[in-house]
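Residues per chain, in single letters:
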Amino acid sequence: MDSLEKKRKGQWTKNQLRVATDAVKNKTMSQRMSADHFSIPRRTLRSDKKLRAEEGEDIDNENVSGEE
């Protein structure tokens, strides 16, 4: 695999991830829309939302299982 063909992993900041997750939580964006807008994989948004909920942050647990 050529270095140009390798996927870029983690090309977003923690702040971008938090803003993207909050947009989903506040229902201002769908999970798919937020993922596309912030260039963050949907699975990463789901994982972050679940992790934040487990840490006791004020996150609704809707769609934590990954079902849409």
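Residues numbered from 1 in each chain as written. Predicted model: local features only at pLDDT ≥ 70, side-chain atom pairs only at ≥ 80, totals over all residues. Heavy atoms only, no water.

**Q** Where do I start with the packing of helix H2 (residues 31–38) against helix H3 (residues 42–54) in this structure?
**A** For any two helices packed against each other, the geometry is given by the interaxial angle and the distance between the axes. At a minimum axis separation of 9 Å, H2 and H3 run at an interaxial angle of 110°. In terms of axis orientation, H2 runs roughly perpendicular to H3. Crossing of H2 over H3 shows right-handed handedness. Taken together, the residues of H3 that come into contact with H2 (itself represented by Gln31, Arg32, Ser34 and Ala35) are Arg42, Leu45 and Arg46. Partitioning the contact of H2 with H3 into residue classes produces two nonpolar, two polar and three charged. (Axes fitted to C-alpha atoms, helices over the stretch in contact; angles between N-to-C directions. Helix = DSSP H or I, 4+ residues; strand = E, 2+ residues; numbered from the N terminus. Parallel < 35°, antiparallel > 145°, perpendicular 65-115°, else oblique. Left-handed = near helix turned anticlockwise from the far one by under 90°. Contact = heavy atoms within 4.5 Å. Nonpolar A, V, L, I, M, F, W, Y, C, P; charged D, E, K, R; others polar.)

**Q** How do you make sense of helix H1 (residues 14–25) when you look at a structure like this?
**A** Because each turn of an α-helix spans 3.6 residues, side chains separated by three or four positions in sequence point in the same direction. Given a rise of 1.5 Å per residue, twelve residues ought to cover 16 Å, and the 16 Å separating the end C-alpha atoms of H1 matches this to within 8%. Along its buried surface, H1 packs onto H2 and H3. At the exit of H1 stands Lys27, carrying a positive phi of roughly 60°. (Expected span 1.5 Å × (residues − 1).)

**Q** Looking at this structure, how should I read unusual backbone geometry?
**A** When glycine is set aside, most residues are seen to have a negative phi, and most peptide bonds are trans. A positive phi angle, near 60°, is found at Lys27, a position not held by glycine. Examined against the element boundaries, Lys27 turns out to sit in the loop between H1 and H2. Among the residues examined, Lys27 registers a relative accessible area of 59% and is labelled exposed. Positive phi is not limited to glycine here, since Ser39 has a value of about 55°. You can see Ser39 is positioned in the loop between H2 and H3. (Buried < 20%, exposed > 50% of the residue type's maximum accessible area, 1.4 Å probe, protein only.)

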